[in-house]
Every structure is written in C-alpha cells, then in structure tokens.
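Observations on the three-dimensional arrangement
Below are the chains, spelled out letter by letter.
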Amino acid sequence: CLTKLASHATTSPKGKFLVEPVNRGWCVKEAASGKILFIRHWFGAPLFSPDDTFLTLIPHQGSGGKDILVLDPATGKEIQKLQGHTALLSTGDAFPSAAFHPTNNLLATADTKGTVIVWDVKTGKQVQNFKEPHPVSHVAFSRSGKYLAYAILQHSLKLRTTDTWQEFKSYP
C-alpha cells in the first residue's frame, strides 16, 4: 500500500490498525508490523469502533452504493452489510456521515435524503430511524454516549437522547 496520500492515513482508536488510502479505497495494515491485512476498493470514510472490534466502510461517492460494510479489521471478513439507506451517504472528509457510540455497538449513519439510522452492528438490525426534510451532513454521539447529534444541512442541529431517542434540543 504505497501511497502519495500518507497525510490521509489514520490509526484505529486502540492503535492496533493503520488505514491508508489507495485508489478509491483503503489499505488496512497491522500497525505494529506494517503487514498488509487487506485492501478494499470503492469505499470511502473508514471508521473504527472505539474498541477496534469493527471497521465500517461507507461506499465511495463514485460507486453509487448505499450499503455500509461492517468488517473484522484483522481479517477484512464481512460481519454485516447494513442496508436501509435509499440515498448516497455524505462522505466528505470534513462531514462524516457515520459515528460509533463510545461504549456499545451502536453506529449512527446519515444520508443525503435526510435519513438518520442507528444500527446495532453486531446484529445488523436498525435500532432507530429518523427522517428529516433536508440532507443530514454530520452525525456524532456525545462523549458520554447520552446524546446523538446531527446536522440538517443549512437548517439546524438536533440532539436526541439515546435512552428514549426523543428530541432533546434543536438549534436553528
């Protein structure tokens, strides 16, 4: 995985893995040895779970795909294919459309049609689904995991509690 984009390389939260960009995809390496574990093409926006157990890959905008892959980062083996979005996910570097909960196996994703889905990545099932009238460009869990925040493009920021998923606050 020789890359001219070394500045775009990232490590997993626990430091076990290194991810480097390759042509429209990602090369996953063992951080300690540099050994290449696997390469996946046509995916952008790699995201590790906080405990390094899962690696999610969101389809590259040029691929037309909408399914999110959940992989074992040590082997590249597909654990889940999360299906439920009907539009492309936002994959800009500055605007992540996916975020892991800090203490459990929940993953929040958002798309350009305003759909926000919270998944259990172990089971592949949807935990919650929210529909907004405009594209959602960012999703994030609070550090405590008590809140889910998401930005509705050019409109507002919403906070929901993660115990009831009710809207807690909205900022214009």
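Above this text sits the structure in question.
In what follows, the accompanying structure is described. The model shown is predicted, which means the values in this text are computed figures rather than measured ones.

What counts as what
- Residue numbers restart at each chain and count upward from 1, following the sequence in its written direction.
- Predicted model: local features are reported for residues with pLDDT of at least 70 only, side-chain atom pairs are reported and counted for 80 or more only, and whole-chain, interface and lining totals are derived from all residues.
- Where side-chain values are given, they derive from all heavy atoms of the structure, hydrogens and water being excluded.
- Only Phe, Tyr and Trp rings take part, Trp by its six-membered ring, and two of them pair if their centres are within 6.5 Å. Stacked means planes under 30 degrees apart, edge-to-face means over 60, and tilted covers everything else.
- Lysine NZ or arginine CZ positioned within 6 Å of the ring centre and within 35 degrees of the ring normal marks a charge as sitting over the ring.
- Runs of E in the DSSP output that reach at least two residues are strands. Runs of H or I that reach at least four are helices, and both are numbered from the N terminus.
- Side-chain atoms alone can form a polar contact between residues adjacent in sequence; in general such a contact is a pair of N or O atoms within 3.5 Å, and within protein one must be able to donate a hydrogen while the other accepts it.
- Contact criterion: two residues are considered in contact whenever any of their non-hydrogen atoms come within 4.5 Å of each other.
- Residue burial is assigned from relative accessible area. The probe radius is 1.4 Å, only protein chains are included, and a residue is buried under 20% of its type maximum, exposed over 50%, and partly exposed in between.
- When DSSP finds two or more bridges between two strands, those strands count as paired.
- Axes here refer to lines fitted to C-alpha atoms; in helices the fit is confined to the stretch in contact. Angles between the N-to-C directions go from 0 to 180 degrees.
- Buried residues of nine kinds, namely Ala, Val, Leu, Ile, Met, Phe, Trp, Tyr and Cys, make up a nonpolar core once their side-chain atoms join them within 4.5 Å.
- Salt bridge criterion: a side-chain nitrogen from Lys or Arg within 4 Å of a carboxyl oxygen from Asp or Glu.

Moving on: the packing of aromatic side chains. What the rule picks out here adds up to four aromatic pairs. Above the face of the F130 ring, R160 is positioned so that its terminal group lies 3.9 Å from the ring centre.

This paragraph deals with the side chain of R160. Structurally, the position occupied by R160 is in strand β15 (residues 156-161). Looking at R160, its side chain comes within polar contact range of the main-chain oxygen of W165, at 3.0 Å. Discounting chain neighbours no more than four positions away, the residues touching R160 are F130, E132, K146, Y147, L148, Y150, W165, Q166, E167 and F168.

The subject of this paragraph is the pairing of strand β10 (residues 106-110). The buried fraction of β10 is high, at five of five residues. Burial along β10 is two-sided: the residues L106, A108 and A110 and L107 and T109 are all buried. Between the antiparallel neighbours strand β9 (residues 98-100) and β10 lie five residues. Two strands pair when backbone bridges link them, and β10 and strand β11 (residues 115-120) are joined in this way by five bridges, in the antiparallel orientation. If you follow T109 over to β11, its bridge partner there is I117. Where β10 folds back on β11, the antiparallel hairpin that results is connected by four residues, among which G114 adopts a positive phi of roughly 90°.

With antiparallel pairing, the four strands of this open sheet are ordered in space as β5-β6-β7-β8. The sheet is open, and its two borders are formed by β5 (43-48) and β8 (78-82), each paired with just one other strand. Neighbour-to-neighbour, the strand axes of the sheet open up by a mean angle of 20°, direction not taken into account. In this structure, strand β6 (residues 55-59) lies alongside strand β7 (residues 68-71), joined through three bridges in antiparallel fashion. In the strand pairing of β7, T56 is matched with V70.

So, about the nonpolar core. Among the nonpolar cores identified, the biggest contains 14 residues, and V116, V139, L148 and Y150 are the most heavily contacted of them. Every element with two or more residues in this core is listed here: β10, β11, β13 (136-141) and β14 (147-152).

Turning our attention to the sheet that holds β13. Spatially, β13-β14-β15-β16 is the arrangement adopted by the four strands of the open sheet, whose pairing is antiparallel. A strand with exactly one partner marks an edge of an open sheet, and here the two such strands are β13 and β16 (167-171). Put simply, the sheet's adjacent strands are angled 15° from each other on average, direction ignored. For β14 and β15, the ladder comprises six bridges, and the chain directions are antiparallel. The residue bridging A149 from the neighbouring strand is L159, located in β15.

With that settled, consider the pattern of salt bridges. Between side chains of opposite charge, pairing is possible as soon as their charged atoms come close. Under the defined criterion, the tally for this structure stands at four salt bridges. Between E132 and K158 there is a salt bridge whose closest N-O contact spans 3.1 Å. In this pair, E132 is assigned in the loop between β12 (125-131) and β13 and K158 in strand β15, connecting sequence segments 26 residues apart. Taking relative accessible area as the criterion, E132 reaches 6% and is therefore assigned buried. Owing to a relative accessible area of 14%, K158 belongs among the buried residues under this scheme. Between R160 and E132 there is a salt bridge whose closest N-O contact spans 3.9 Å. Taken as a pair, R160 in strand β15 and E132 in the loop between β12 and β13 lie far apart in primary sequence, 28 residues in all.

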